[in-house]
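# Descriptive structure summary
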Amino acid sequence: MTRFLLRVASLLCLLSAATVHGQAPKQKSPIDYVNPFIGTGGEGHCYPGATVPFGMVQPGPDTRLPEFNKKAFPWCAGYQYADDSIIGFSQTHFSGTGHSDLGDVLIMPFAGSPRIGTADTANRPRFGLPARFSKQGESAQPGYYAVVLQDSKINVEITATNRVAMYKCTYPASDTAGLMLDMTSSIYNYDGKVVWSSVRVENDSTISGYRQTKGWAADRKIFFVMRFSKPFTRYQLTNDETVTYRGFGKQGRVLTNYPEQAGKKVKAYLTFPTRAGESVFVKIALSAVGTDGAMSNLTQELPHWNFDGVRADARRLWEQELSQITVEASEPMVSVKEQETFYTAIYHSKLAPVTYMDVDKRYRGVDGNIHTAANFTNYTIYSLWDTYRAEHPLFTITQPTRVGDMIQSMLAHQEQSVHKLLPVWSFYANETWCMIGYHAVSVIADAYLKGIKNFDTEKAFAAIKQSATCEYYGGLREYMKLGYVAQDVENEGASKTLEYAYDDWTIARMAQALGKKDDYATFLKRAQNYTNVWDKNTGFMRAKKSDGTWNLPFDPIYAQYGGDYTEGNAWQYSWYVPQDVQGLIQLMGGNARFITKLDSLFILKDSSEKYKHVEDISGLIGQYAHGNEPSQHIAYLYNYAGAPWKTQEKIHLIMNNLFSNTPDGICGNEDCGQMSAWYIFSSMGFYPVCPGSLEYVIGTPRLGKVVIRLDSQKTFTIIAKNLSHDNFYIKSATLNGKSLERGYITHQEITSGGELIFTMASKPNKNWAATKEAAPYSLSK
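Everything quoted here is computed from the prediction, not taken from an experiment.

Rules used in this analysis
- Residues numbered from 1 in each chain as written.
- Predicted model: local features only at pLDDT ≥ 70, side-chain atom pairs only at ≥ 80, totals over all residues.
- Heavy atoms only, no water.
- Helix = DSSP H or I, 4+ residues; strand = E, 2+ residues; numbered from the N terminus.
- Rg over C-alpha atoms; globule rule 2.2 N^0.38 Å.
- Buried < 20%, exposed > 50% of the residue type's maximum accessible area, 1.4 Å probe, protein only.
- Contact = heavy atoms within 4.5 Å.
- Areas by Shrake-Rupley, 256 points an atom, 1.4 Å probe, with all protein chains shown as cover.
- Lys, Arg positive; Asp, Glu negative; His and termini not counted.
- Charge placed at Lys NZ, Arg CZ, Asp CG, Glu CD.
- Axes fitted to C-alpha atoms, helices over the stretch in contact; angles between N-to-C directions.
- Parallel < 35°, antiparallel > 145°, perpendicular 65-115°, else oblique.
- Left-handed = near helix turned anticlockwise from the far one by under 90°.
- Nonpolar A, V, L, I, M, F, W, Y, C, P; charged D, E, K, R; others polar.
- pLDDT = per-residue confidence, 0-100.
- Pairing = 2+ DSSP bridges.
- Arc of directions from axis to C-beta.
- Core = buried A, V, L, I, M, F, W, Y, C linked by side-chain atoms within 4.5 Å.
- Expected span 1.5 Å × (residues − 1).
- Phe/Tyr/Trp six-rings, centres within 6.5 Å; stacked < 30°, edge-to-face > 60°.
- 1 Å grid on protein atoms, 1.4 Å probe; cavity = no way out; pocket = protein on both sides within 12 Å on 5 of 7 lines; lining within 4 Å.
- Points joined across faces, edges and corners; volume = space filled by probe spheres on them.
- Salt bridge = Lys/Arg side-chain N within 4 Å of Asp/Glu carboxyl O.

## Structural notes on the overall build of the protein chain
Each helix and strand in the protein chain was counted, giving 18 helices and 37 strands. The C-alpha radius of gyration computed for the protein chain amounts to 27 Å, which stays within 12% of the reference 28 Å derived for 781 residues, consistent with globular compactness. Classification of the 781 residues of the protein chain by burial places 62% in the buried group. The contacts in the protein chain between residues at least 6 apart in sequence include a share of 70% that link residues at least 24 apart. Surface accessibility of the protein chain: about 28600 Å² in total, with carbon and sulfur atoms responsible for 49%. Computing the positive centroid from 78 side-chain charges and the negative centroid from 76, the protein chain places the two 1 Å apart.

So this is what it looks like as structure tokens:
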């Protein structure tokens, strides 16, 4: 008891001294609220590995690999939170995609002799070296990941620079500890994925190699250099193929002291003795150019072995990025849960696109050749069907210089492409042609209209026109001839017509700004093609055949891949006219009927049997599917029809029910930052319904006070007075001290700096921003 009292007294003295000297308890910084495990469960498809903002490497754990044709889509990022074993740690990962690839250069530390060198492949793991782990032994922060492998008692820690992954493996005492390299493992696995691979032992602490894969990307090449802080005393190179390559041995043969192995199923085992608690560091540099590029990345970007220093540098980079938008309110105005959800959304929004060039600025282009990014940073991973909606508009506020580099990367892609088209869904020098539209034009036009011009604008506009007039792409021949994509010629005709019309409107806007009158007239007319797929009898946008008749049969709830709509149904897609919502309202019979139908969307019974095979339809509230992009603007459309208070209700409902700070806290694929960008904008109180309009439609703020720090050193502050769980309606608003009576703010109002203040209430103010003049931009307004 005496010792206990002495300890209490000592503690009180320390607290008293801290108070006397004015030392306040250390406040959390934004990075402390980030939880990389959010979205790693359910349909989020996120990974918890270590990376820096927009970093070229994303090292982290793979718990299972999706098998081709087996619908293992939860493992698109190689990791699912519910799993309890890790097969290894690969160096590249997608963030939140609905399709899989990458998972390059998988490694796994071991202590003891792994099962190698035997023809009995049934007793060896197909990929990696599976090891059990527990959630109590796993942790992650931006730029850092750690896990204890239960069976071997090896503690694995990971951090990274832009192009180099760094591992700290702390071993138990073992005469045969080491590390396995698996060149066969990929996130998108099936026989034939690896076209060719090679591993070369350079010396007793360095190996290099490459592989060429054919997965989602048809022809992808990745090179690496791996360096150890402790020399390995023995190495073994194997090839598990049934064929024999001259000079490289037979199936299952262990090639001890033979310095090179090549083939389609190559693995390497590097062993060394370890003391209990000894840490061995491993650096892995990647390149798309060659092993010489990987070596330069390694030696120039990470010449030392200071793991803690690299981790601290990664943390500083993340602190800088996360401080661009900060929450400056405390409970009860904003909960810890909400801050964790918000800051993790900001974190996820900066995981793609990723750097795609070496330190000497060389990169591999879509033509397969090596190019140099002379005056820009080259980026890859463009999930444009998703990210043009909110992710790229968010970048125009927080990353204007980087936006110009991204556009230059897109223009380089277009120039190298045999089709001379802008990227659609591209990564690592490959175009997948996944999804629809030519939405790179929206990204470019929106940026240009917002004053971002650190790219060749004439070259950009020529590329835009080429992408929008390529007759053999996605039914454009019929679209330009008939005014719609004919379903009997090209599937998903309804969706393609609607999305092409929006893209065309952004082209018209840019043409007008450039003084190109003929182009403006042409694309403005095309922007109204949405009217050609409106069926007044059913009240839905529908697919039409080349003879002008509607495609049959028709059920507004039914959905299938390759049907009339893209990953959705008529209920979800009939609202996609962001460039002319007023025109859509007129087609539907005016404000009252529009609102009634919009209300029905959110309450219509979930008939999941009719779209159970379209797994992208998720996050459902009635027929509203927030888990996929076509629905994500819809709740904001009440603003156009004189009922902003209903938008406030629906946004509050969506954020309350479909987002949280848990592993399954994202209601659908995170999609390279798009889902997170929706949450960031919506939490601040506005959203870019129509990129290119230069407007953000007001919803309802979720955070008491948010500050956006702009490149100009100015700030834009959003304050929500009287905000609470029940007070989510906007009673009134002011912008820079003046009453704001419209349902939108402009990009210039944000970037000029200022203060937007909402006064919140528990009951709706049905008169606020309800006039026709207060509605956001529409082509028909």
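## Re the packing of helix 9 (residues 457-468) against helix 12 (residues 517-526)
Put simply, helix 9 and helix 12 touch, their axes get as near as 13 Å, and they point 40° apart. The angle between the axes of helix 9 and helix 12 places the two elements in the oblique class. Crossing of helix 9 against helix 12: the hand is left-handed. Two secondary-structure elements touch here, helix 9 through Phe461, Lys465 and Ala468 and helix 12 through Asp519, Phe523 and Arg526. Broken down by class, the residue content of the contact of helix 9 with helix 12 amounts to 3 nonpolar, no polar and 3 charged.

## Thoughts on the confidence of the model for the protein chain
Put simply, the protein chain has an average pLDDT of 92, and 91% of its residues get 70 or more. Confidence drops under a pLDDT of 50 for residues 1-22, and excluding neighbours within four residues, the segment shows 1 contact in the predicted structure. Counting interchain partners and residues more than four positions distant, the pLDDT-below-50 stretch residues 244-255 has 33 contacts.

## Considerations on the sheet that holds strand 36 (residues 744-746)
In spatial order, the strands read 30-31-36; together these 3 strands make up an open sheet with antiparallel pairing. Strand pairing shows two members of the sheet lacking a second neighbour, strand 30 (686-687) and strand 36, which therefore form its edges. Across 3 bridges, strand 31 (residues 695-698) lies against strand 36 in antiparallel orientation. Bridge pairing in strand 36 places tyrosine 696 opposite isoleucine 745.

## Thoughts on helix 2 (residues 291-301)
The set of residues buried in helix 2 consists of Gly293, Ala294, Asn297 and Leu298. On an axial view of helix 2, the arc spanned by its buried residues comes to 140°, and they lie on one face. Where helix 2 is buried, its residues contact strand 9 (164-171), strand 13 (220-228), strand 17 (278-287) and strand 20 (362-364).

## Re the nonpolar core
Nonpolar side chains in soluble globular proteins generally cluster together in the buried interior. In terms of nonpolar packing, the biggest core is built from 226 residues, with Phe89, Tyr167, Leu181, Met226 and Phe594 touching the most fellow members. A per-element tally of this core places helix 11 (residues 493-514) first, with 11 residues. If sequence neighbours within four positions are ignored, phenylalanine 594 has contacts with Trp575, Val581, Leu584, Ile585, Met588, Leu637 and Ala641. One finds Val164, Phe281, Leu298 and Leu302 within the second-largest nonpolar core, a separate group that totals 12 residues.

## Section: helix 7 (residues 400-416)
Under the 1.5 Å per step criterion, the end-to-end length of helix 7 is 25 Å for 17 residues, consistent within 8% with the ideal 24 Å. Judged by how many residues are buried, helix 7 sits mostly within the fold: 14 of 17 residues are covered.

## Examining the packing of aromatic side chains
Under the criterion given, the structure shown has 43 aromatic pairs. Seen from their ring centres, phenylalanine 281 and phenylalanine 307 are 6.4 Å apart, and the 40° between their planes marks the pair as tilted. Of this pair, phenylalanine 281 sits in strand 17 while phenylalanine 307 sits in helix 3 (residues 307-322), and the two are 26 residues apart along the sequence. For the residue pair phenylalanine 281 and phenylalanine 307, the accessibility class agrees, reading buried in each case. Ring pairing ties together the aromatic residues Tyr636, Phe659, Trp678, Tyr679, Phe681, Phe686, Tyr687 and Tyr696, which thus form one cluster.

## Quick look at the environment of valine 266
Considering the arrangement of structural elements, one finds valine 266 in strand 16 (residues 266-274). In this structure the C-alpha to C-alpha distance between valine 266 and tyrosine 473, which are 207 residues apart in sequence, comes to 39 Å. If we ignore the near neighbours within four places in the chain, the residues touching valine 266 are Leu181, Asp182, Met183, Thr184, Ser197, Val199, Thr238, Asn239 and Gln261.

## Remarks on empty space enclosed by the protein
Tallied over the full model, the rule gives 9 cavities of 30 Å³ or more. Within this model, the largest cavity holds a volume of roughly 130 Å³. Looking at the largest cavity, it is lined by 17 residues, and the ones nearest its centre are Val366, Asn378, Tyr379, Thr380 and His413. Mapped onto the lining of the largest cavity, the elements with two or more residues apiece are strand 20, strand 22 (379-380) and helix 7. Considering every element that reaches the lining of the largest cavity, the biggest residue donor is helix 7, with 5 residues. Class assignment for the residues of the lining of the largest cavity results in 8 nonpolar, 8 polar and 1 charged.

## Side note on the pattern of salt bridges
By the definition in use, this model includes 36 salt bridges. Across the salt bridge formed by glutamate 321 and arginine 402, the nearest N and O atoms sit 3.4 Å from each other. Of the two residues, glutamate 321 is situated in helix 3 and arginine 402 in helix 7; the sequence distance between them amounts to 81 residues. Counted as one network, the salt bridges with shared partners bring together Asp101, Asp104, Lys193, Arg211 and Arg220.

## Let's talk about the environment of tryptophan 318
Along the chain, tryptophan 318 turns up in helix 3. Sequence separation between tryptophan 318 and proline 142 is 176 residues, and the spatial gap between their C-alpha atoms is 6.7 Å. Excluding residues within four positions of it along the chain, tryptophan 318 makes contact with Ile31, Thr51, Val52, Pro53, Pro142, Gly143, Tyr347, Lys350 and Leu351.

## As for the pairing of strand 8 (residues 154-160)
The element strand 8 is extensively covered by neighbouring structure, given that 6 of its 7 residues are classed as buried. Strand direction decides the pairing type here: strand 7 (residues 144-149) and strand 8, joined by 5 bridges, are antiparallel. Bridging across to strand 8, leucine 149 finds its partner in isoleucine 154. In textbook terms, the turn of a hairpin is the stretch between consecutive antiparallel strands, and for strand 7 and strand 8 this stretch comprises 4 residues, one of which, lysine 153, has a positive phi near 65°. Note that strand 8 and strand 9 share 6 bridges and pair antiparallel. When the bridges of strand 9 are listed, glutamate 157 appears paired with lysine 168. As consecutive antiparallel partners, strand 8 and strand 9 are separated by 3 residues.

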